[in-house]
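What the coordinates show
Chain by chain, the residues run as shown.
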Amino acid sequence: FAKKIAPNADPMFLPNIEGLLEATIVLNTLYREIRHLLLLGKKTKSVVFLMQLQMFLPIIMRYAEAFFGAVDAFSGGKPIGDGVGALVAAKLMRGKPHKEIVEKVVASEFDFEGRRVVVIKAKGPGAEVGKPGEAIARIVAQNSGAVARIIMIDAAAKLEGEKTGRIAEGVGAAIGDPGPEKYKIEEIAVKYGIPIDAIAIKLSLEEAITVMRKEILEAAEKVVQRVLNIIKERVREGETVIVAGIGNTIGIGQ
């Protein structure tokens, strides 16, 4: 559909149009739901429907403002908060050769203090998330399972009261995808007994889909150093480690 309405658009930026369409669809849906409750309350002369609308309106408006901000980000091709994982990967890849390892996912390989590091992210600067699970599975298979560690970086939803840009570290596949990509990563890691480190940068829904804030940008720089520290502390010389920057890479190149 994006190709149909923008036949002359650069293929790299077609995903931006897709993101723009998604944001406008959400805004239209919110409008129709609000109108539904308002008209239903008037039609049935029931105050219950209007009470529901009044109670939910503050959270509905938060969603509306967030997706309205997303329209600006996607139409302008600007980096969004959800791209912080991809930004960390891009910082690690900067100035190094890279290649497309699976569709819409690029990889860069380099040496860091005697460790072989393979960094992956979605191919930018279009609004892509790629298939990081397929990419990780392919790299592990190419190395016959001889991967010491997988480090994943992604944005994560924060709770009210938590500071934007707070960094949390844990274990497991740090990826919002509930389906095939997460499964592929977990399956290959279990098969070869590869530990997975997870680094999450906390932000709100609004911050995830709107133009990247300064606090998130600063957190990305801190995470780069944290990733390098993990490699030095947990990966031996001569071993291979995969670093995966997860998230929408709009506005973020290699």
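Conventions and cut-offs
Residues numbered from 1 in each chain as written. Predicted model: local features only at pLDDT ≥ 70, side-chain atom pairs only at ≥ 80, totals over all residues. Heavy atoms only, no water. pLDDT = per-residue confidence, 0-100. Helix = DSSP H or I, 4+ residues; strand = E, 2+ residues; numbered from the N terminus. Buried < 20%, exposed > 50% of the residue type's maximum accessible area, 1.4 Å probe, protein only. Pairing = 2+ DSSP bridges. Axes fitted to C-alpha atoms, helices over the stretch in contact; angles between N-to-C directions. Contact = heavy atoms within 4.5 Å. Phe/Tyr/Trp six-rings, centres within 6.5 Å; stacked < 30°, edge-to-face > 60°. Lys NZ or Arg CZ within 6 Å of the ring centre and 35° of its normal. Lys, Arg positive; Asp, Glu negative; His and termini not counted. Salt bridge = Lys/Arg side-chain N within 4 Å of Asp/Glu carboxyl O. Polar contact = N/O pair within 3.5 Å; in protein donor to acceptor, adjacent residues only side chain to side chain. Expected span 1.5 Å × (residues − 1). Core = buried A, V, L, I, M, F, W, Y, C linked by side-chain atoms within 4.5 Å.

1. Brief notes about the confidence of the model for the protein chain
Taken over all residues, the pLDDT of the protein chain has a mean of 94, while the share at 70 or more is 100%. Within the protein chain, no element has a lower average pLDDT than helix H1 (residues 2–5), which sits at 90, and none a higher one than strand S7 (residues 240–245), at 98.

2. Looking at the pairing of strand S3 (residues 115–122)
Within S3, 7 of the 8 residues are buried, which leaves the element mostly enclosed by the surrounding structure. Strand direction decides the pairing type here: strand S2 (residues 105–112) and S3, joined by 8 bridges, are antiparallel. Looking at S3, one finds that Val106 is bridged to Lys121. Counted between consecutive antiparallel strands, the loop separating S2 from S3 contains 2 residues, among which Glu113 sits at a positive phi close to 50 degrees. Where S3 lies against S7, 5 bridges are found, and the strand directions are parallel. For Val119, the partnering residue across the bridge sits in S7 and is Val243.

3. Quick word on the sheet that holds strand S1 (residues 99–102)
If you trace the 7 strands from one edge of the open sheet to the other, you get S1-S2-S3-S7-S4-S6-S5, paired in mixed fashion. In this open sheet, the two edge strands, each paired with only one partner strand, are S1 and strand S5 (167–171). Between one strand and the next, the sheet's axes are offset by a mean angle of 30 degrees, whatever the strand orientation. Sitting on the sheet, helix H4 (residues 84–93) touches S2, S3, strand S4 (149–157), strand S6 (196–203) and S7, and the angle it makes with S3 is about 135 degrees. This element, helix H5 (residues 132–142), spans S1, S2, S3, S4 and S7 of the sheet and lies at about 95 degrees to S1.

4. A few points about the packing of aromatic side chains
In the structure shown here, the tally under the stated rule is 0 aromatic pairs. Residue placement shows Lys96 over the ring face of Phe110; its charged tip is 4.6 Å from the ring centre.

5. Quick word on the side chain of Lys121
Relative to the helices and strands, Lys121 is located in strand S3. Despite its burial, Lys121 pairs with no opposite charge, the nearest such side chain being Glu128 at 10 Å. Within the local environment of Lys121, its side chain forms a polar contact with the backbone oxygen of Ile252, the two atoms lying 3.5 Å apart. Side-chain polar atoms of Lys121 contact the side chain of Gln254, separated by 2.9 Å.

6. A look at helix H8 (residues 214–234)
For H8, with 21 residues, the first-to-last C-alpha span of 30 Å sits near the 30 Å given by 1.5 Å per residue. Within H8 the residues assigned to the buried category are Ile216, Ala219, Ala220, Val223, Val224, Val227, Leu228, Ile230 and Ile231.

7. Quick look at the nonpolar core
The biggest cluster of nonpolar side chains holds 44 residues, and the ones touching the most others in it are Val227, Ile231 and Val243. Broken down by element, the residue count for this core peaks at 9 residues, all from H8. If sequence neighbours within four positions are ignored, Val227 has contacts with Leu92, Ile151, Ile153, Ile199 and Val243. Judged by nonpolar contacts, the second largest core, of 25 residues, contains Val105, Val140, Met152 and Ile185.

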